[in-house]
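Here is how the chains run, residue by residue.
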Amino acid sequence: ATHEETLGFQTEVKQLLHLMVHSLYSNREIFLRELISNGADACDKLRYQALDNDALYEGDSELRIEIEHDAKAGTVTVRDNGIGMSRDEVIQNLGTIARSGTAEFLKQLSGEQQKDAKLIGQFGVGFYSSFIVADEVTVRTRRADLAHDAGVEWRSKGEGEFTIADIPRDARGTEIVLHLKKDAKEFADDFRLKSLVRKYSDHIDVPVRMPRVDVERDDDGKEIPGTEKTSWETVNEATALWVRPKAEISDDEYKAFYKHVAHDFTDPLTWSHNKVEGKLEYTSLLYVPSRAPFDLYERDGARGLKLYVQRVFIMDDAEQFLPLYLRFIKGVVDTKDLSLNVSRELLQQDPQVDKMKAALTKRGLDMLKKLAKDKEQYQSFWNTFGSVLKEGPAEDYANRDKIAELLRFATTHTESATQDQSLADYVSRMKEGQQKIYYIVADSFNAAKHSPHLEIFRKKGIEVLLLSDRIDEWLMSHLTEFDGKSFVDVAKGELDLGDIEGEEEKKAQEETAKAKEDLVKRVKDVLGADVQEVKITHRLTDSPACVVLPENEMGFQMRRIMEAAGQ
Ligand code: ADP
Ligand code: MG
């Protein structure tokens, strides 16, 4: 080996390694799933790049993953003949965590949270999970487009640093050797490894092979020494999951596949698998995760589907197939209607892609509608992704009715901060004569709940939606009506309770207004230019006065957002 150097892991990696080793002990076996998943990704990438450069195969186009073990030495080896890595790529991929926002996220975790295994799922456990079972890991790799002397060896004990050196390497692709910890030697076992491959990697379309030893036997059935022959046996099913008929796929297989595509560690909440034939031909498999990735709100956070064209992997994170407000959906789309050399740029201009996007958006919304039938599950979805879905009506005018059905709110009906009431629930409880849906927006749930604007509504028993998410005012400016009823911000403009108020009540109000004209004039003189208008109000029953915005004025929340944006 030459050009050997020892480098420190990025701080975030050290933190993650520590977290992983301490919180995933009871899930140790997932290391194998992660390494196979990486091998399959590497094969996908090579196949894609070889589309216009066949030479990359170097005469060996049978892509595969091989798993071997050595019980005596206590090692497990996972090998692939995929794309491989250059020296720079090894340093980047196996020494840092590239996703932006990682450092901040890790810093925010409290001691208690750090013990929570599920939090790790937000990163995807990935390659570093090797160190849950190994106290030393050796990686040997060569990138498919580099010469045979451009191999790289990476070694680490998973503590603070790793060593990297140049090596000659004939085989392209990557080989990972795990030197198992004392208490993890059980994994260097044929039966154990095979059952793990079946459990976790049946759905991967790259064959996963393991050596199989056959021995000749004499007439008494005794093994004849020296006749051992080793051959490779494919252990997994090795067909892409989405290609198989739905009826044949078990929930566990769907879940395992999700973990591979989404790089997630937790089970998905639900999924929807569809084959479409006709003018457009594609298969989609969409998932709703149960946890939000930590970069859900980052501008450059990963989003989009994994795109295949006729089963050939084309790209990760193809953003063009779903709107932004459904960016939490993960999965694959496989189509015959795009060319194999489609690029991100071409996707943006392709009318077929727009049609697929419209269809997949409907699928996504239908999937959520179905999920909504299970109150508990839907609540869990809403708590995690509700405020992303609230971006919907602004982004996707055509589907705003469908989206509106999926929204959930806190209201004066429950008086609870939990957003669990649908607009249909609200409408079903409307008072006789009530024509509008009333809402209030404030900075916090408590501010909304205790707003003086609600006094009259409480007195009359009229329900009001209590909105306090950052996005809410934006949402309400794009939701014009639901079920034929328009929305009214109770803190804005004239308060018209419509037919809920009787004639007498209205008359009494007019009389009060007349009688107090003098008072109004005096208050107006005192406040001067600070206000536009001073009026007698009937919206208050206990408080003496409140500030009201004119109907068409930007709300307090929006003003703050605009100010923050420098407007
Ligand atoms: P993820 O798979 O979510 O990107 P991992 O931690 O599993 O995260 O892997 C990090 C990166 O290291 C991968 O994105 C890939 O670029 C690289 N990598 C890991 N394993 C392999 C492999 N077997 N062949 C080629 N590249 C690999
Ligand atoms: Mg991975």
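Parameters and conventions
All residue numbers here refer to positions counted from 1 along the written sequence of the relevant chain. Whichever chain is written first becomes A and whichever ligand is written first becomes 1, with later ones labelled in order. Reporting in this predicted model follows two pLDDT cut-offs: at least 70 for local features of residues, and 80 or more for side-chain atom pairs to be given and counted; totals over whole chains, interfaces and linings ignore these cut-offs and use all residues. Each helix corresponds to a stretch of at least 4 residues labelled H or I by DSSP, and each strand to a stretch of at least 2 residues labelled E; elements are numbered beginning at the N terminus. Residues with at least 20 neighbouring C-beta atoms inside 10 Å of their own are called buried, those with 12 or fewer are called exposed, and the rest are partly exposed, where every C-beta is derived from the backbone. Remark: residues whose backbone-derived C-beta atoms lie within 7 Å of one another are considered to be in contact. Whether a residue is near a molecule or strand depends on its C-beta atom, generated from backbone atoms, being within 6 Å of that molecule or strand. Should DSSP find at least two bridges between two strands, the strands are taken to pair. Between N-to-C directions, angles cover 0 to 180 degrees, with each direction set by a line fitted to C-alpha atoms, over the stretch in contact for helices. The term nonpolar core refers to a set of buried Ala, Val, Leu, Ile, Met, Phe, Trp, Tyr and Cys residues connected through C-beta atoms within 7 Å. Each residue carries a pLDDT score, the predictor's own confidence in it, on a scale running from 0 to 100. Take the number of residues in a helix, subtract one, and multiply by 1.5 Å to get its expected span. Directions pointing from the helix axis toward each C-beta atom define the arc. Two helices that cross are described as forming a left-handed crossing if the nearer one is turned anticlockwise from the farther one by less than a right angle, and a right-handed crossing if clockwise. Note on residue classes: Ala, Val, Leu, Ile, Met, Phe, Trp, Tyr, Cys and Pro are nonpolar, Asp, Glu, Lys and Arg are charged, and everything else, Gly too, is polar.

(A) Main features of the overall build of the protein chain. What the protein chain contains, in helices and strands, is 21 helices and 19 strands. Dimensions along the principal axes, computed over C-alpha positions, put the protein chain at roughly 115 × 55 × 50 Å. Across the 567 residues in the protein chain, those meeting the buried criterion constitute 35%. When contacts within the protein chain are restricted to residue pairs at least 6 apart in sequence, those whose partners lie at least 24 apart make up 72%.

(B) Inspection of the site of ligand 1 at higher detail. Close contacts around ligand 1 come from 16 residues, with Asn38, Ala42, Asn93, Gly126 and Phe127 the closest. A per-element tally of the shell around ligand 1 places helix H2 (residues 30-50) first, with 5 residues.

(C) Highlighting the environment of Phe313. Relative to the helices and strands, Phe313 resides in strand S13 (residues 312-318). We classify Phe313 as buried; it has 21 C-beta atoms within 10 Å. Remark: the alpha-carbon pair of Phe313 and Glu463, spanning 150 residues in sequence, is separated by 51 Å. Not counting residues within four places of it along the chain, the set of residues in contact with Phe313 comprises Asp44, Arg47, Tyr48 and Tyr308.

(D) Representation of the sheet that holds strand S4 (residues 134-142) in the model. Spatially, S1-S6-S5-S4-S7-S3-S2-S8-S9 is the arrangement adopted by the 9 strands of the open sheet, whose pairing is mixed. Two strands in the sheet have a free side with no partner beyond their single neighbour: strand S1 (2-8) and strand S9 (229-234). If you compare each strand with its neighbour and ignore which way they point, the axes differ by 20° on average. Where strand S3 (residues 75-80) lies against strand S7 (residues 173-180), 6 bridges are found, and the strand directions are antiparallel. Among the inter-strand pairings, Arg79 is bridged to a residue of S7, identified as Glu175. Along the sheet, helix H8 (residues 190-201) makes contact with strand S2 (65-70) and strand S8 (208-214), crossing S8 at roughly 155°.

(E) Highlighting the nonpolar core. Counting 120 residues, the largest nonpolar core has Met20, Ile36, Tyr439, Ile440, Val464, Leu467 and Val490 as the members making the most contacts within it. Tallying contributions element by element places H2 first for this core, with 8 residues. Setting aside residues up to four positions removed in sequence, Ile36 forms contacts with Ile65, Val78, Tyr200, Ser201, Ile204 and Val208.

(F) Unusual backbone geometry, seen in detail. In this structure, Ala238 is a non-glycine residue whose phi angle is positive, near 60°. Mapped onto the secondary structure, Ala238 falls in the loop between S9 and helix H9 (251-262). With phi around 60°, Glu415 is a residue other than glycine that occupies positive phi space. Mapped onto the elements of the fold, Glu415 is located in the loop between strand S15 (410-411) and helix H15 (423-428).

(G) Seen up close, the pairing of S3. Two elements, S2 and S3, share 6 bridges in a ladder whose sense is antiparallel. Bridge pairing in S3 links Ile67 to Val78. Taken together, S2 and the strand that follows it, S3, pair antiparallel across an intervening segment of 4 residues, in which Gly74 is found at a positive phi of about 70°.

(H) How the structure looks around the confidence of the model for the protein chain. Mean pLDDT for the protein chain: 89, with 90% of residues reaching 70 or above. Here the predicted complex scores 0.83 on pTM and 0.99 on ipTM.

(I) Representation of helix H1 (residues 11-23). The end-to-end C-alpha distance of H1 is 18 Å, a good match for the 18 Å that 13 residues give at a rise of 1.5 Å each. If you check which residues of H1 are buried, you get Leu16, Leu17, Leu19 and Met20. For H1, the arc enclosing every buried residue in end-on projection is 165°, short of the 170-degree limit, so these residues lie on one face.

(J) Summary view of the sheet that holds S13. Strand order in the open sheet made by the 5 strands is S10-S11-S14-S12-S13, with mixed pairing throughout. The sheet is open, and its two edges are formed by strand S10 (268-276) and S13, each paired on a single side. Across the sheet, the mean angle from the axis of one strand to that of its neighbour is 15°, orientation sign disregarded.

(K) Here's a closer look at the packing of H2 against H8. For the pair H2 and H8, the least separation of the axes is 10 Å and the interaxial angle reads 65°. Taken as a pair, H2 and H8 cross one another with a handedness that is right-handed. Together, Leu32, Arg33 and Ile36 of H2 and Leu196, Tyr200 and Ser201 of H8 make up the contact between the two elements. Here the contact of H2 with H8 is composed, by residue class, of 4 nonpolar, 1 polar and 1 charged.

(L) Representation of the pairing of strand S16 (residues 437-441) in the model. Within S16, 5 of the 5 residues are buried, leaving the element largely enclosed by the surrounding structure. The alternating pattern of S16 places Ile437, Tyr439 and Val441 and Tyr438 and Ile440 on opposite faces, both of which are buried. Here 4 bridges tie S16 to strand S17 (residues 464-467), and the two strands are oriented parallel to one another. Across the sheet, residue Tyr439 finds its bridge partner in S17, namely Leu465.

(M) Quick look at H9. An ideal rise of 1.5 Å per residue puts 16 Å on 12 residues; H9 measures up with 16 Å between its terminal C-alpha atoms. Listed as buried for H9 are Tyr254, Ala256, Phe257, Tyr258, Lys259, His260, Val261 and Ala262. Structurally, H9 contributes buried residues whose contacts are with H2, H8, S10, strand S11 (282-289), strand S12 (305-309) and strand S14 (330-335). A positive phi of about 55° marks His263, the residue just after H9.

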